[in-house]
Amino acid sequence: LTDKHRLFGRYVHSMGKRTEGADIWPQPVHNDYWFVDGHYFNWSVTGISTLKPTLVAEYRFTWNKRKYHPVIPAKGLGLTQQIGFKGGHPDYFPGFGFSGGIQRIGRDGGQERRQFPIRDNHFATNWTWVTGAHTVKWGWEMRASRNDDVNLPTAGGSTSFNNNATGDPIAALLYGWVASASRQQTLLIRSRMNSMGSYLQDDWKLTPKLTLNLGLRY
């Protein structure tokens, strides 16, 4: 900006939309398959001011925003009602697992996760003052973070079938002989963290061959 004031800026983003997992069963009933919206935004501004030949100040502000939202493609299509499955959340296609090495149907865990907004704001300032045999440095920083998270690993339900009742896990599925069943989903976890810190240090040059460093950080 001037001979004494400089300003730097940075901006980074990633849209982050992708698919993960193996495409085994036809759409939209996939095994270990989901869509992920994982975008990320970051910008930062840093200023450096030479207030005096012996006094320099630096100040920096950083802003982050991130989203992590994977979801199965079968959400909200009404497939659960069409097959008559009960006991799970109707918006999510359940998972069916079988003994004997038979490929399961539907995702085993991770049917949806809503981890957004993920925010982080960071401000820091650092000062350097040279006076005589002393180089004094001090600074302060503040960080404010937040993260909202709803995890729905098996909200639509997860069942398994074995050959104990019928001699064949597929026959057990057709007869409805469930070996085990579960449903798991969390309430909203709203995390917040605010932190502050400061420091003061002095590089004291006692002799041309000996410098004493003294510091305190909180």
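This is a predicted model, so every value here is computed, not measured.

### Examining the overall build of the chain
Looking only at helices and strands, the chain has 2 helices and 12 strands in total. Secondary structure elements in the chain, listed N-terminal to C-terminal, are β-β-β-β-β-α-β-β-β-β-α-β-β-β. Whereas a compact globule of 218 residues would reach a radius of gyration of roughly 17 Å, the chain reaches 29 Å, over 25% beyond that. Relative to its 218 residues, the chain shows a buried fraction of 32%. A sequence separation of at least 24 residues applies to 63% of the contacts in the chain between residues at least 6 apart. Put simply, the chain shows about 13,500 Å² of open surface, and 57% of that area lies on carbon and sulfur atoms.

### Re the sheet that holds strand E9 (residues 154–161)
Sheet architecture is open: 3 strands sit in the order E6-E9-E10, paired in mixed fashion. At either margin of the open sheet sits one strand with a lone partner, and together these are strand E6 (95–98) and strand E10 (180–184). In this sheet, adjacent strand axes meet at a mean angle of 15 degrees when their direction is disregarded.

### Digging into the nonpolar core
As a rule of thumb, nonpolar side chains are buried together in soluble globular proteins. Residues Ile72, Tyr92, Phe93, Phe96, Leu152 and Phe161 are the most contacted members of the largest nonpolar core, which totals 14 residues. Secondary structure elements with two or more residues in this core: strand E3 (33–37), E6, strand E8 (134–152) and E9. Setting aside residues no more than four positions away along its own chain, Phe161 makes contact with Phe96, Gly97, Phe98, Ser99, Pro169, Ala172, Leu173, Trp177, Val178 and Ala179.

### Remarks on the side chain of His69
Note that His69 resides in strand E5 (residues 55–71). A polar contact is formed between the side chain of His69 and the side chain of Glu112, at a distance of 2.7 Å.

### Some remarks on the packing of aromatic side chains
The final tally for this structure, using the stated rule, is 8 aromatic pairs. Between Trp43 and Trp63 the ring centres are 6.3 Å apart and the planes differ by 25 degrees, which places this aromatic pair in the stacked class. Pair noted here: Trp43 is in strand E4 (residues 40–52) and Trp63 is in strand E5, with a separation of 20 residues, a long-range link. Aromatic pair Phe85 and Phe96: ring centres 5.6 Å apart, planes at 85 degrees, arrangement edge-to-face. Placement of Phe85 in the loop between helix H1 (79–82) and E6 and of Phe96 in strand E6 is noted, with a sequence separation of 11 residues between them.

### Quick notes on a nonpolar patch on the surface
A cluster of nonpolar side chains, namely Leu1, Leu7, Tyr11, Trp43 and Val45, defines an oily patch on the protein surface of about 540 Å² accessible area. With respect to the element layout, Val45 can be found in strand E4. For Val45, a relative accessible area of 33% translates into the label partly exposed.

### Points about the pattern of salt bridges
Enumeration according to the criterion identifies 10 salt bridges in this entry. In this structure, Arg146 engages Asp148 in a salt bridge whose closest nitrogen and oxygen atoms are separated by 3.7 Å. For Arg146, a relative accessible area of 33% gives the class partly exposed. When the shortest N-O distance is used, the salt bridge between Arg192 and Asp148 registers 3.1 Å. Placement of Arg192 in strand E11 (residues 189–207) and of Asp148 in strand E8 is noted, with a sequence separation of 44 residues between them. Of the residues examined, Arg192 reaches a relative accessible area of 42% and is grouped as partly exposed. Here the residues in one salt-bridge network are Arg146, Asp148, Arg190 and Arg192, joined through shared partners.

The rules behind the values
Residues numbered from 1 in each chain as written. Predicted model: local features only at pLDDT ≥ 70, side-chain atom pairs only at ≥ 80, totals over all residues. Heavy atoms only, no water. Helix = DSSP H or I, 4+ residues; strand = E, 2+ residues; numbered from the N terminus. Rg over C-alpha atoms; globule rule 2.2 N^0.38 Å. Buried < 20%, exposed > 50% of the residue type's maximum accessible area, 1.4 Å probe, protein only. Contact = heavy atoms within 4.5 Å. Areas by Shrake-Rupley, 256 points an atom, 1.4 Å probe, with all protein chains shown as cover. Pairing = 2+ DSSP bridges. Axes fitted to C-alpha atoms, helices over the stretch in contact; angles between N-to-C directions. Core = buried A, V, L, I, M, F, W, Y, C linked by side-chain atoms within 4.5 Å. Polar contact = N/O pair within 3.5 Å; in protein donor to acceptor, adjacent residues only side chain to side chain. Phe/Tyr/Trp six-rings, centres within 6.5 Å; stacked < 30°, edge-to-face > 60°. Patch = residues over 30% accessible without salt bridge, like charges linked within 9 Å, V, L, I, M, F, W, Y side chains within 5 Å. Salt bridge = Lys/Arg side-chain N within 4 Å of Asp/Glu carboxyl O.

Spatial relationships are all this shows, so hold off on functional conclusions.
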